[in-house]
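Coordinates in review
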Amino acid sequence: MTSFSSFSMREELTRAISDMGFETPTPIQSKVIPQLLSQPIDIIGLAQTGTGKTAAFGLPLLHHTDLNAKHVQTLVLSPTRELCMQIVEELGRYGQHMRGLRITAVYGGVPITGQIRDVRANPQVIVATPGRLIDLLERKALNMDLVETVILDEADEMLNMGFREDIDFILKTTPARKHTWLFSATMSNDVRNIAKRFMNKWEEFSVGGANVTNENIDHQYYVTSHHNRFETLRRLLDFTPGIYGIIFTRTKQDCQDISEKLMRQGYHVSPLHGDMDQKMRSKVLERFKNKSLQAIVATDVAARGLDVNDITHVINYELPDDPEVYTHRSGRTARAGKSGICMSIVSPKELQNIRQIERIVKQRFHKSDIPDGAEVVRKRLFFYMEQIALAEPGSDFAKVYQESMHERFADLDKDELIRKLIWLQLKDTIDAYQGANDLNAGYENKENKERNRGGVRSGSVRMFINIGQKDGVADEEQLLQFITESTDIEAGMIDRATVRELSSFFNVPASSAEFIATALSSKKYKGRKVRIEEAEARDRDRAGGPPRRGGGGDGGYAKRGSRDDRPSYGKGGSQKFNKRY
Ligand code: AMP
């Protein structure tokens, strides 16, 4: 059996390992560490969380670190903020005796200014989530020209979370890269593609258990407050431009409401539920099958007969009560040998249901962060660029219009033309995500504080609504009931409600004003069409135009997901890996 002392590692590392009480290397460590210490080639390590893979790459990376250098030598990319922090902590423990070692974590969800300072302090190692790293690169706060080793941790997860383009971008931004070490639980086609494009001839190391967990479905969940469920759905849809999916709701009413709201906002979706007659349902199915629809919003019963093979995503707008139903839903994707993603939007209260379903389906679920505005915009930018690159205008088209096009744009240089074309495609998204909220549960307040500092909207907003006592709203309680039932927001978010004869007023958090206005403006109260707007905007414009667009934000810095299902095991427990299941 190998031991840590048999590795020829720098003395500070061997000492730290012994301080930490590690006795025997784990299987992935025994395979990878000697290779990377003696000859740091490109490698792929197929190993899951909990196998000791952080030390497998961490010890060799620290061993090769030049402590006198004043530039970033190693970049570790990780899918989530939580994992990022854990890696930094772990590396810090291994490197505790290495004087002059500087490791910096870079992740979203916190103000970027502190991180700009950190990266300017010349760390040798940066551990980053893709979104925030790109943010820093774009601000020129960081230079990666001299990075020699890039480590992709949980590469399959980063790809499943939609970061393919970001990874491409980052790998292209490290021109001096000599080695790429890729760790992944599964060897999917996407992982192989990254390897083919960016790695030299590589060695593969795998340990038992890799590839066996999840065959083809990646189960992800996104935690948000109940009232942000719809916004979260929109954001996930926007972040997944090529989606061909099914959105599951628990009730027919939700199914109808959600698809109507999405349709109004320009999404190609349609409802599918039991109240629709057979003819309508067949029509929807036909449109879905020929891909005129990007998604259908369905109830469980209505989706029963659905037979479509290439569904890319199943989205649970709400979790079903019965874990069996979850299995049916998620089984709509990843059919016929393909892979698929099942995303669930859950409120903090529903986390226990996730744990229960995990136990029953015997699969690991990944907690992912709801992307922020900047990530959505970047994602769509890459999507359009790809579409333009792949477009094949027919020769007739060129024959007929070439001359006119050339004439019109003769004075425009190529870059400017590209900018204009893409801007046209993206401007709605950019507008819509200007100052988008952080929708991740638990971060709303933090974001508000940040927004305050940035001088963007926060606090509460007074809303005007055109229903009052004359319409049958007897008191504040009835008003509250109507609002909460129509919008799904919690009553606690509304305060200072006043019901007058012809109209009413109430306060809501600024971050939710737009959502509430959109949700209510499609409603009727006892037959009367509801009109709602910000009271301030109404005072400014007595003619009563549409509600001003609300929703402040900080431009949204990346805050990728956190993983809360990592096993923990104590010092010296080298072979005893507590898996959750
Ligand atoms: P990882 O799979 O890298 O997330 O590692 C999970 C945990 O295992 C971390 O807390 C490590 O400190 C611990 N660990 C890693 N290697 C060993 C080892 N050889 N012996 C005991 N614990 C280890």
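Residues numbered from 1 in each chain as written. Predicted model: local features only at pLDDT ≥ 70, side-chain atom pairs only at ≥ 80, totals over all residues. Heavy atoms only, no water.

**Concerning the overall build of the chain**
Cut-off, in case you're wondering: Secondary structure elements are defined from DSSP: runs of H or I of at least 4 residues count as helices, runs of E of at least 2 residues count as strands, and each element is numbered from the N terminus. Only protein chains enter the accessibility calculation, which uses a 1.4 Å probe. A residue is then buried if its area is under 20% of the maximum for its type, exposed if over 50%, and partly exposed in between. In this description, contact between two residues means that some pair of their heavy atoms is separated by no more than 4.5 Å. Areas reported as accessible are Shrake-Rupley estimates using a 1.4 Å probe. Residue values count occlusion only from the protein chains shown.
Across its full length, the chain holds 21 helices and 20 strands. A total of 581 residues make up the chain; the buried ones form 53% of that total. The contacts of the chain with a sequence gap of at least 6 include a subset with a gap of at least 24, amounting to 77%. A total accessible area of about 26,800 Å² is found for the chain, and carbon and sulfur atoms account for 49% of it.

**Some thoughts on unusual backbone geometry**
Trans peptide bonds make up the majority, and among non-glycine residues the majority have a negative phi. Backbone geometry at Lys-140 places phi at a positive 60°, although glycine is not the residue there. Its location among the elements puts Lys-140 in the loop between helix H6 (130-138) and strand S5 (149-152). Residue Lys-362 is not a glycine yet carries a positive backbone phi of 55°. One can find Lys-362 in the loop between helix H14 (351-361) and strand S14 (365-367). With a relative accessible area of 63%, Lys-362 lands in the exposed category.

**Focus: the pattern of salt bridges**
Keep this limit in mind: Throughout this description, the term salt bridge denotes a Lys or Arg side-chain nitrogen within 4 Å of a carboxyl oxygen of Asp or Glu.
Here the structure, examined in full by the defined rule, presents 21 salt bridges. Of the charged contacts, one joins Arg-10 and Glu-12 as a salt bridge, the two residues approaching to 3.7 Å between their closest N and O atoms. An identical accessibility class is assigned to Arg-10 and Glu-12; each is buried. For the salt bridge of Glu-358 with Arg-355, the shortest nitrogen-to-oxygen distance reads 2.9 Å. Of this pair, Glu-358 and Arg-355 are both found in helix H14, 3 residues apart, which corresponds to roughly one turn of the helix. Here Glu-358 and Arg-355 have matching classes, each one buried. When salt bridges that share partners are traced, they join Arg-164, Glu-165, Asp-168 and Arg-197 into one network.

**Observations concerning the packing of aromatic side chains**
This is how it is decided: Only Phe, Tyr and Trp rings take part, Trp by its six-membered ring, and two of them pair if their centres are within 6.5 Å. Stacked means planes under 30 degrees apart, edge-to-face means over 60, and tilted covers everything else. Distance and angle both matter: a charge sits over a ring if NZ of Lys or CZ of Arg is within 6 Å of the ring centre and within 35 degrees of the ring normal.
All told, the structure shown has 11 aromatic pairs when counted by the stated rule. Note on Tyr-244 and Phe-288: the rings are 4.5 Å apart at their centroids and 25° apart in plane angle, and the pair reads as stacked. Note that Tyr-244 is positioned in the loop between helix H10 (229-239) and strand S9 (245-249) and Phe-288 in helix H12 (residues 278-289), a separation of 44 residues in sequence. Accessibility expressed as a relative area gives 5% for Tyr-244, which makes it buried. By relative accessible area, Phe-288 is classed as buried at 0%. Feature note: the residues Phe-4, Phe-7, Phe-22 and Tyr-94 constitute an aromatic cluster, connected by ring pairs. Lying across the ring of Phe-239, Lys-379 places its NZ or CZ 4.9 Å from the centre.

**Some details on the sheet that holds strand S15 (residues 460-465)**
Paired through their backbone hydrogen bonds, the strands of a sheet run either parallel or antiparallel. Let me state the cut-off plainly: The pairing criterion is simple: DSSP has to find at least two bridges between the two strands. Between N-to-C directions, angles span 0 to 180 degrees; the directions come from axes that are lines fitted to C-alpha atoms, helices contributing only their stretch in contact.
Reading across from one edge, S16-S17-S15-S20 is the order of the 4 strands in this open sheet, with antiparallel pairing throughout. The sheet terminates laterally at strand S16 (495-499) and strand S20 (532-534), the two strands that pair on one side only. With strand direction ignored, the average angle separating the axes of adjacent strands in the sheet is 25°. Bridge count between S15 and strand S17 (residues 504-509): 6 bridges; the pairing is antiparallel. Each bridged residue has a counterpart across the sheet, and for Arg-462 the counterpart in S17 is Asn-507. Sitting on the sheet, helix H19 (residues 476-487) is in contact with S15, S16 and S17, with an inclination near 110° to S16.

**A word on the environment of Thr-2**
Tracing the backbone through its elements, the reader meets Thr-2 in the segment before helix H1 (11-20). By relative accessible area, which is 34% here, Thr-2 ends up partly exposed. Sequence separation between Thr-2 and Thr-26 is 24 residues, and the spatial gap between their C-alpha atoms is 9.4 Å. Other than its neighbours up to four places away in sequence, Thr-2 contacts Thr-24, Pro-25 and Ser-30.

**Observations regarding the packing of helix H15 (residues 373-390) against helix H17 (residues 414-432)**
Quick note on the threshold: Roughly parallel means an angle under 35 degrees; roughly antiparallel, over 145; roughly perpendicular, 65 to 115; everything else is oblique. In a left-handed crossing the near helix is turned counterclockwise from the far helix by less than a right angle, and in a right-handed crossing that turn is clockwise. When residue character is reported, Ala, Val, Leu, Ile, Met, Phe, Trp, Tyr, Cys and Pro are called nonpolar, Asp, Glu, Lys and Arg charged, and the others, Gly included, polar.
Put simply, H15 and H17 touch, their axes get as near as 10 Å, and they point 155° apart. On the basis of their axis angle, the class for H15 and H17 is roughly antiparallel. H15 and H17 meet at a crossing whose hand is right-handed. On H17, the residues that touch Val-376, Val-377, Arg-380, Leu-381, Tyr-384, Met-385 and Ile-388 of H15 are Ile-422, Gln-425, Leu-426, Thr-429 and Ile-430. Per-class residue counts for the contact of H15 with H17 are 9 nonpolar, 2 polar and 1 charged.

**So, a nonpolar patch on the surface**
Heads up, the rule is: To count toward a patch, a residue needs a relative accessible area over 30% and no salt bridge; like charges are then connected within 9 Å, while nonpolar side chains (Val, Leu, Ile, Met, Phe, Trp, Tyr) are connected within 5 Å.
A surface patch of nonpolar side chains, about 460 Å² in accessible area, is lined by Phe-397, Val-400, Tyr-401, Met-405 and Phe-409. Along the chain, Phe-409 falls in helix H16 (residues 395-409). Residue class for Phe-409 comes out partly exposed when judged on its relative accessible area of 37%.

**Some details on the sheet that holds strand S10 (residues 269-272)**
Here we have 7 strands laid out as an open sheet, ordered S10-S11-S9-S12-S13-S8-S14, and parallel in their pairing. Looking along the sheet, the strands with just one partner apiece sit at the ends: S10 and S14. Sheet twist, expressed as the average angle between the axes of neighbouring strands with direction ignored, equals 20°. Pairing of strand S8 (residues 217-223) with strand S13 (residues 340-346) involves 7 bridges; the strand directions are parallel. Considered in S13, the bridge of Asp-218 is made with Ile-341. Packing of helix H13 (residues 323-330) onto the sheet brings it into contact with S8, S9, strand S12 (313-316), S13 and S14, and relative to S12 it is tilted by some 150°.

**Examining the nonpolar core**
This is how the line gets drawn: The definition of a nonpolar core used throughout is a set of buried Ala, Val, Leu, Ile, Met, Phe, Trp, Tyr and Cys residues joined through side-chain atoms within 4.5 Å.
Ranked by size, the top nonpolar core spans 44 residues in total, and within it Leu-233, Ile-247, Leu-262, Ile-465, Phe-506 and Leu-520 carry the most contacts. With 6 residues, helix H20 (residues 510-521) is the largest single contributor of residues to this core. In contact with Leu-520, other than residues within four places in its own chain, are Ile-465, Phe-482, Ile-483, Ser-486, Thr-487, Phe-506, Val-530 and Ile-532. Of all hydrophobic cores here, the second largest spans 40 residues; its members include Val-72, Leu-137, Ala-155 and Phe-163.

**What about the confidence of the model for the chain?**
Stated formally: As a per-residue measure, pLDDT tells how confident the predictor is, with possible values from 0 to 100.
With 87% of its residues at a pLDDT of at least 70, the chain reaches an overall mean of 84. Note that residues 210-214 has pLDDT below 50 and, in this model, 13 contacts with residues that lie over four places away or in other chains. Segment residues 445-457: pLDDT under 50, and 30 contacts once partners within four positions in sequence are set aside and those in other chains are kept.

**Considerations on the packing of helix H5 (residues 112-120) against H6**
The N-to-C vectors of H5 and H6 enclose an angle of 70°; their axes lie 11 Å apart at closest approach. If you check the angle between H5 and H6, you find them roughly perpendicular. Two secondary-structure elements touch here, H5 through Ile-112, Gln-115, Ile-116 and Val-119 and H6 through Arg-132, Asp-135 and Leu-136. Of the residues assigned to the contact of H5 with H6, the class counts are 4 nonpolar, 1 polar and 2 charged.

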